[in-house]
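Examining the three-dimensional arrangement
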Amino acid sequence: MISVEEALEQVLSYVDVLEPERKPILDCLGQVLAEDVYSTIDIPPLDNSAMDGYALRAGDTRGASESSPRYLVVVGEIAAGSIPTKEVRPGTAIRIMTGAPLPEGADAVVRFEDTDEVSRKSSRGDLSHIGILCQAKKGLNVRSRGENIARGDLVLKKGKVLRPQEIGVLASLGRSTAMVIRRPIVAILATGDELIGVDQPLAPGKIYDSNTYTIAAEVSRYGGIPKILGIGRDSVQSLTEKIDEGLDADMLITSGGVSKGDYDIVKDVLAERGEIGFWTVCMKPGKPLAFGIMKKIEGRRKRKVPHLGLPGNPVSSMITFEQFARPAILKMMGKKMLAKPAIRAIIKDDIANTDGRRLFARVIVTKRGGQYYASVTGPQGSGVLTSMAKANGLAIIPESSKGVKAGDMVEVQMLDWGEEQGEVKTLPVVSIVGKSGSGKTVLMEQLIAEFKRRGYKVAALKHSRSGIGIDHPGKDSWRFAQAGSDAVFVNSPGKLAFIKSLDHELNIEEIMPIVGPEFDLILVEGFRESKTPKIEVHRKELGDDLLCSPEELSAIVTDGSLDTDIAQLPWGDTVTIADFIEKNFVLKSQDSAFLPPGRKKGR
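Residues numbered from 1 in each chain as written. Predicted model: local features only at pLDDT ≥ 70, side-chain atom pairs only at ≥ 80, totals over all residues. Heavy atoms only, no water.

1. Quick look at the overall build of the protein chain
When helices and strands are counted, the protein chain shows 12 helices and 35 strands. By the burial criterion, 46% of the 603 residues in the protein chain qualify as buried. Restricting to contacts in the protein chain with at least 6 residues of sequence separation, those with at least 24 account for 68%. Total accessible area on the protein chain is roughly 30400 Å²; 52% of this is exposed by carbon and sulfur atoms. (Helix = DSSP H or I, 4+ residues; strand = E, 2+ residues; numbered from the N terminus. Buried < 20%, exposed > 50% of the residue type's maximum accessible area, 1.4 Å probe, protein only. Contact = heavy atoms within 4.5 Å. Areas by Shrake-Rupley, 256 points an atom, 1.4 Å probe, with all protein chains shown as cover.)

Written out as structure tokens, the structure is:
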């Protein structure tokens, strides 16, 4: 068996970005732009009004107020789409509608609400004059020519995924078509003598073919074009004929026929017609998974079609599609964000993992008070398709884990979130540890100041074994807690404190969801027993021994020299220490936002 990461790496290595095509812009939604788009026009093309009101000279409104209006002569009106024929001279104004070109001489627009027009109309007064009730500055309510887009601007870059707003921008430039990476055609074949079509009577020993529809819907969901081949029976001849029908596609996906049974012959046909890359993966469900290349000869040209053989059980088929077929389809479409969006959640159920494979448990994720919670959806058998219908996430239990207990933190892939939504940043956490008197608090202060100077948003977390001194007896917060409040919030301008009594000491993994994802770096003082990266502050005057074992440390800040292979950083050189943290933790965490969960940078 190979790991999930190794399997994904092989799949992605066999698929390439497809060629571009020009299409009507409405047909391009969700596709990747294959050209840079420059503007040939100014938007807006002329200075125009951002409001319904009066175009005028700002200087004519000097000192205007409700108690002291400035009266101007109205010399015309301009509707949107028309061209001004009159000029605004000193002491005059022109009634103007939103989007209408600004007349010559005008440099501001005052809204109807800031004039006496309403009162004049209600009293059937003279509308040949208007009272201005506020002082205007030049440019008030005016949209300048080219303010949005100037002629020659690079408006949309090659590689941009086209959303409705980008389609609108293309239309605003007068473009009816766009050059985009084409959608892959994915041939879909279900296999097995037990399968029948959904429109046929259910005979004894038969089951309806659900995999074809599930996979076809998945292909469409992620931007591909499904080509349904039907059902291949359990014979080499039947499978070969069906597979031949699908070899003009960009990818072939089969379901079933990849286990070790006598009738699981898809992998045998694959071996005869092409190349097998692998056929078992260290995951559950989804261990029997075949991948390789099908060969097709077109005249003198040999064509290779990547083939993914999914398991026959419907849940296994869906989960393996999500892990391998989905990123392959996205890559063929030219997309860069291939990782499934993931969050950290508190699991509400015990989940055992007994056979050393990566377990994907179907869960329903909810959010309460800024924290995600995940509950299993019921029976987790690989044939229980309703467990997927109830789920909005997959809780990932690593191969190395025997399982999780209720209350543990787990990683969850979100099934219904789009990849663009899943630009999930791994929040870098670095612990500064050291013996008492080593100067770790001083180093924390210096590092916070240095990272703020570099433009990072930093949070600090301190571990205190002697308790927290912010909840003093006699203070209102203390009185509320004494009265029985389970949690107390204290809010003042610019600050919020949260106090909650706990029945156990929280670890860093439990604290991070409370801290939130808004920061670029969390610097921690203490927590020497945590599994976060640790930098130990060492002072020669306190002895040569270290507080932590060498394998726990990422670096040592020291005013001496130690006999160790661990990186040693000079005490007092805050810039060098910050450089080490930035390079090894902050920047790497930003890169990992685009990698599949569990994938290591540089593999």
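Following the structure, the description resumes.
2. Here's the deal with helix H7 (residues 314-332)
Because each turn of an α-helix spans 3.6 residues, side chains separated by three or four positions in sequence point in the same direction. Between the first and last C-alpha of H7 there are 25 Å, a value that for 19 residues agrees with the 27 Å anticipated at 1.5 Å per step. Counting buried residues in H7 gives 18 out of 19 residues, a clear majority hidden from the surface. Following H7 by one or two positions, Gly334 has its phi on the positive side, about 85°. (Expected span 1.5 Å × (residues − 1).)

3. Digging into the sheet that holds strand S6 (residues 92-96)
With respect to topology, 5 strands assemble into an open sheet ordered S7-S4-S6-S5-S8, the strand pairing being mixed. The sheet is open, and its two borders are formed by strand S7 (108-111) and strand S8 (129-132), each paired with just one other strand. Mean inter-strand twist for the sheet, computed between neighbouring axes without regard to direction, equals 40°. Bridge count between strand S5 (residues 70-78) and S6: 4 bridges; the pairing is parallel. (Pairing = 2+ DSSP bridges. Axes fitted to C-alpha atoms, helices over the stretch in contact; angles between N-to-C directions.)

4. Quick look at the packing of helix H4 (residues 211-221) against H7
Two numbers describe how H4 lies on H7: the axes approach to 10 Å, and their chain directions differ by 25°. On the basis of their axis angle, the class for H4 and H7 is roughly parallel. Between H4 and H7 the crossing geometry is right-handed. For the pair H4 and H7, contact is made by Asn211, Thr214, Ile215, Glu218, Val219 and Arg221 and by Pro314, Ser317, Met318, Phe321, Glu322 and Ile329, respectively. Of the residues contributing to the contact of H4 with H7, the split by class is 6 nonpolar, 3 polar and 3 charged. (Parallel < 35°, antiparallel > 145°, perpendicular 65-115°, else oblique. Left-handed = near helix turned anticlockwise from the far one by under 90°. Nonpolar A, V, L, I, M, F, W, Y, C, P; charged D, E, K, R; others polar.)

5. Here's the deal with the packing of helix H1 (residues 4-13) against H7
H7 packs onto H1 with a crossing angle of 35° between their chain directions and a minimal axis gap of 10 Å. Here the hand of the crossing between H1 and H7 comes out right-handed. Each of Val4, Ala7, Leu8, Val11 and Leu12 in H1 lies in contact with H7, whose residues at this interface are Gln323, Phe324, Pro327, Ala328 and Lys331. Residue composition of the contact of H1 with H7, by class: 8 nonpolar, 1 polar and 1 charged.

6. Considering unusual backbone geometry
Looking along the chain, the bond that leaves Ile43 and enters Pro44 is cis, with omega of -5°. Mapping Pro44 onto the fold places it in the loop between strand S2 (37-38) and strand S3 (48-49). Of note, the amide linkage connecting Lys284 to Pro285 takes the cis form, showing an omega dihedral of -5°. Checked against the element boundaries, Pro285 lands in the loop between strand S18 (283-284) and strand S19 (288-298). Unlike most non-glycine residues, Arg124 shows phi in positive territory, near 55°. Within the secondary structure, Arg124 is located in the loop between helix H2 (117-122) and S8. Take Arg124: its relative accessible area is 81%, and that puts it in the exposed class. Here Asn141, not a glycine, exhibits a phi torsion of approximately 55°, which is positive.

7. Considering the side chain of Ser3
Relative to the helices and strands, Ser3 resides in the segment before H1. By relative accessible area, Ser3 is classed as buried at 16%.

8. Observations concerning the nonpolar core
In a soluble, globular protein the nonpolar side chains are often hidden away together inside. Residues Ile253, Val281, Leu308, Phe321 and Phe324 are the most contacted members of the largest nonpolar core, which totals 44 residues. For this core, the secondary-structure elements that each account for two or more residues are H1, strand S12 (185-191), H4, strand S16 (251-255), S19, strand S20 (301-310), H7 and strand S25 (393-397). Tallying contributions element by element places H7 first for this core, with 10 residues. By size, the runner-up hydrophobic cluster in this structure holds 21 residues, among which are Ile432, Phe451, Val537 and Phe580. (Core = buried A, V, L, I, M, F, W, Y, C linked by side-chain atoms within 4.5 Å.)

9. Considerations on the pattern of salt bridges
Enumeration according to the criterion identifies 28 salt bridges in this entry. Of the charged contacts in the structure, one is a salt bridge between Glu35 and Arg22, with a shortest N-O distance of 3.3 Å. Of this pair, Glu35 sits in the loop between strand S1 (20-24) and S2 while Arg22 sits in strand S1; the two residues are 13 residues apart in sequence, bridging distant segments of the chain. Residue classification places Arg22 among the partly exposed positions, given a relative accessible area of 43%. Here Glu87 ties to Arg89 by a salt bridge, and the two come within 3.7 Å at their closest N and O atoms. One continuous salt-bridge network, built from bridges that share partners, spans Glu450, Arg453, Arg454, Asp579 and Glu582. (Salt bridge = Lys/Arg side-chain N within 4 Å of Asp/Glu carboxyl O.)

10. Observations regarding the sheet that holds strand S34 (residues 553-558)
Two pairing modes exist for strands in a sheet, parallel and antiparallel, and in both the strands are linked by backbone hydrogen bonds. Spatially, the 6 strands line up as an open sheet ordered S29-S32-S28-S33-S34-S35, and their pairing is parallel. Only two strands of the sheet have a single partner each, and these edge strands are strand S29 (458-462) and strand S35 (567-570). Each strand axis lies, on average, 25° off the axis of its neighbour in the sheet, ignoring direction. In the sheet, S29 pairs with strand S32 (residues 521-525) via 5 bridges, with the strands oriented parallel. By the bridge assignment, Ala459 is partnered in S32 with Ile522. Of the strands in this sheet, strand S28 (429-434), S29, S32, strand S33 (534-538) and S34 are in contact with helix H9 (residues 440-453), which crosses S32 at around 170°.

These values are about where atoms sit, not about what they do.
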